[in-house]
Amino acid sequence: MSADFASMQFLIIDDMEASRSTLRLTLSTFGVTRTNFAINGIDAMRRLGNQKFDVVLCDYVLGDGKDGQQVLEEIRHRNLISRSTVFIMITAERGYQKVINAVELAPDDYLIKPFNGEMLMLRLERAIEKKGHFKAVYEFVDSEDFASAIDECERNIQAQSRHVIDFIRLEAELLLLVGNPDEARKLYETVLASRAVPWAKMGLGKALFQQSQLADAEEIFLSLAEENDSYVAAYDWLAKTYEAMGDTAKAQGAIARAVGISPNRVVRQKKLGEVAFANEDHDTAEKAFRSSIELGKYSVHKSSDDYVGLSRALLGKGDHDKALEAMRVLGNEFPDDACAALQGAMTKSLIYKDMGNDTYAKTLFDEAQQLFKSAKSELPGHAVVAMAET
């Protein structure tokens, strides 16, 4: 059955007026009449925050500011679209690295330019049709009624729905989300008994991780990485597993491999910085935190923590001037942030103490204590813990 395009709200995110016009014209030949535009990432966030859309077509390159990857990342992070909304990434980038970055963030589909109207219509109809089958589950998930979502998945599995394998996958993911790895594991093992699909192996590894069967989880993730060297998530979970085992050296190696394959994720660079710093590998930590800061300029993951991490890595190298410069930039980037002010005072106190200026270090520490007392209720948990440890 053809999609009812005339009843749907479309959002096109593209910084090029000619591209927006061409895409709107193409959509109109399918019967689309409700087309909205966003010219950059900020505009997209505003529109998505104010209106519900059925389909989002987002170009990967959006000029200055957020790129398509960062738009998708923020949308997912802020829950700006329903799970029933179709999100398709459009890119002219045929290079492996950028394509894998887009796919890794799980849009419903992606199109490589140039493409014709027939191809676009086929992809849209396929994605919309599939979303329709999962509408009830997505509504439960959006309302955080996970028990009902799991029950709805199970009903479709028992009825041998057309998308039964996808319902199995979704149910297993929801079981992991609610902390039921035993039942999730059974589903993944059922799938793997008939065919070795990577997502089921990955899910089994996550279930084993939740069950604290770390050696078995490690074996699964290593196997996935060996079978497909570009399976970035396998390295991410391998790093988590090694951390849980207390082997931070292996954890750093795994996350470094993931960064080498797909370097444009803020959270991955940050994680590498944190693990490298714990291992006293200050050169790697510095490089990773600098990358995280650069990639995070227009990202929802922009964080004062990265500037602190950079400063402490530089302090570990004995480069006091650059460590203090990182704190100066922190103040400029987060001028009204109580947490950043506290982090800045604490970190500068450590730097001046290392420089042998105990008097000024004590002044800064006292300042940090005052900031902590006045803003304690506003601070995130990790800042409270850091101050308590200090």
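It should be emphasised that the depicted structure is a prediction, and the values quoted were computed from it without experimental measurement.

Visitor: Please explain unusual backbone geometry as it appears in this structure.
Guide: Note: most residues except glycine have negative phi, and most peptide bonds are trans. With an omega of -5 degrees, the peptide bond between lysine 113 and proline 114 qualifies as cis. With a phi close to 60 degrees, glutamate 144 is a non-glycine residue in the positive phi region. Along the chain, glutamate 144 falls in the loop between helix H6 (135-142) and helix H7 (146-158). Positive phi outside glycine occurs at serine 212, with the angle close to 65 degrees. For serine 212, a relative accessible area of 57% corresponds to the exposed category.

Visitor: It is not clear to me how the nonpolar core should be interpreted in this structure. Could you clarify?
Guide: If you look at soluble globular proteins, the nonpolar side chains tend to sit buried side by side. In this structure, Val137, Leu170, Leu174, Tyr188 and Phe221 are the most contacted members of the largest nonpolar core, which totals 47 residues. In contact with valine 137, other than residues within four places in its own chain, are Ala149, Glu152, Cys153, Phe167, Leu170 and Leu174. Listed in part, the 21 residues of the second largest apolar core include Tyr307, Leu315, Ala323 and Ile351.

Visitor: Teacher, can you tell me more about the pairing of strand S4 (residues 86-91) here?
Guide: Two faces, one strand: in a regular strand the side chains alternate between the faces of the sheet. Where burial is concerned, most of S4 is hidden: six out of the six residues are buried. Burial of S4 is two-sided: the residues Val86, Ile88 and Ile90 facing one way and the residues Phe87, Met89 and Thr91 facing the other way are all buried. Strand direction decides the pairing type here: strand S3 (residues 55-59) and S4, joined by five bridges, are parallel. What sits directly across from leucine 57, in S4, is isoleucine 88. Once you follow S3 into helix H3 (residues 68-78) and on to S4, the crossover reads as right-handed. Pairing analysis gives four bridges linking S4 to strand S5 (residues 109-112), with the strands arranged parallel. By the bridge assignment, threonine 91 is partnered in S5 with isoleucine 112.

Visitor: Is there a simple way to explain the side chain of histidine 282 in this structure?
Guide: You can see histidine 282 is positioned in helix H15 (residues 282-295). Classification of histidine 282 as buried rests on a relative accessible area of 18%. Discounting residues that sit within four places of it in the chain, histidine 282 has contacts with Phe277, Ala313, Gly316 and Lys317.

Visitor: Honestly, the packing of helix H14 (residues 266-278) against helix H16 (residues 304-316) in this entry has me stumped. Any pointers?
Guide: Two measures define how a pair of helices packs: the angle their axes make with one another and the distance between the axes. It is the contact of H14 with H16, at a shortest axis distance of 11 Å, that shows an interaxial angle of 35 degrees. In terms of crossing hand, the pair formed by H14 and H16 is left-handed. Across from Val266, Lys270 and Phe277 in H14, the residues of H16 making contact are Asp305, Asp306, Arg312 and Ala313.

Visitor: Before we go on, may I ask you to explain the packing of aromatic side chains in this structure?
Guide: Aromatic rings in a pair are described by how distant their centres are and how their planes are angled relative to each other. For the structure on display, the rule yields nine aromatic pairs. Arranged with centres 4.1 Å apart and planes meeting at 25 degrees, the rings of phenylalanine 134 and phenylalanine 167 form a pair that is stacked. Linking phenylalanine 134 in the loop between helix H5 (117-133) and H6 with phenylalanine 167 in helix H8 (residues 164-177), this pair joins segments that are 33 residues apart in sequence. The exposure classification of phenylalanine 134 matches that of phenylalanine 167, with both residues buried. A centroid spacing of 5.4 Å and a plane angle of 85 degrees characterise the contact between phenylalanine 209 and tryptophan 237, whose relative ring orientation is edge-to-face. Of this pair, phenylalanine 209 sits in helix H10 (residues 198-210) while tryptophan 237 sits in helix H12 (residues 232-245); the two residues are 28 residues apart in sequence, bridging distant segments of the chain. Look at phenylalanine 209 and you get partly exposed, because its relative accessible area is 21%.

Visitor: When you look at the environment of methionine 121 in this model, what are you seeing that I'm missing?
Guide: Inspection of the secondary structure assignment puts methionine 121 in helix H5. Using a relative accessible area of 26% as the deciding quantity, one classes methionine 121 as partly exposed. In the structure, methionine 121 is positioned 95 residues away from threonine 26 in sequence and 9.2 Å away in space, judged by C-alpha atoms. Residue contacts for methionine 121: discarding those within four places in its chain leaves Phe5 and Phe30.

Visitor: Is there a simple way to think about the sheet that holds S5 in this case?
Guide: Paired through their backbone hydrogen bonds, the strands of a sheet run either parallel or antiparallel. The strand order across the open sheet built from five strands is S2-S1-S3-S4-S5, with neighbouring strands paired in parallel fashion. Every interior strand has two partners, whereas the edge strands, strand S2 (34-38) and S5, have only one. On average, adjacent strands in this sheet sit at an angle of 20 degrees to one another, irrespective of strand direction. Sheet contacts for helix H2 (residues 41-50): strand S1 (9-13), S2 and S3; angle to S2, the most-contacted strand, approximately 140 degrees.

About the criteria used
- Residues numbered from 1 in each chain as written.
- Predicted model: local features only at pLDDT ≥ 70, side-chain atom pairs only at ≥ 80, totals over all residues.
- Heavy atoms only, no water.
- Helix = DSSP H or I, 4+ residues; strand = E, 2+ residues; numbered from the N terminus.
- Buried < 20%, exposed > 50% of the residue type's maximum accessible area, 1.4 Å probe, protein only.
- Core = buried A, V, L, I, M, F, W, Y, C linked by side-chain atoms within 4.5 Å.
- Contact = heavy atoms within 4.5 Å.
- Pairing = 2+ DSSP bridges.
- Right-handed = clockwise from strand over helix to strand, strands pointing away.
- Axes fitted to C-alpha atoms, helices over the stretch in contact; angles between N-to-C directions.
- Left-handed = near helix turned anticlockwise from the far one by under 90°.
- Phe/Tyr/Trp six-rings, centres within 6.5 Å; stacked < 30°, edge-to-face > 60°.

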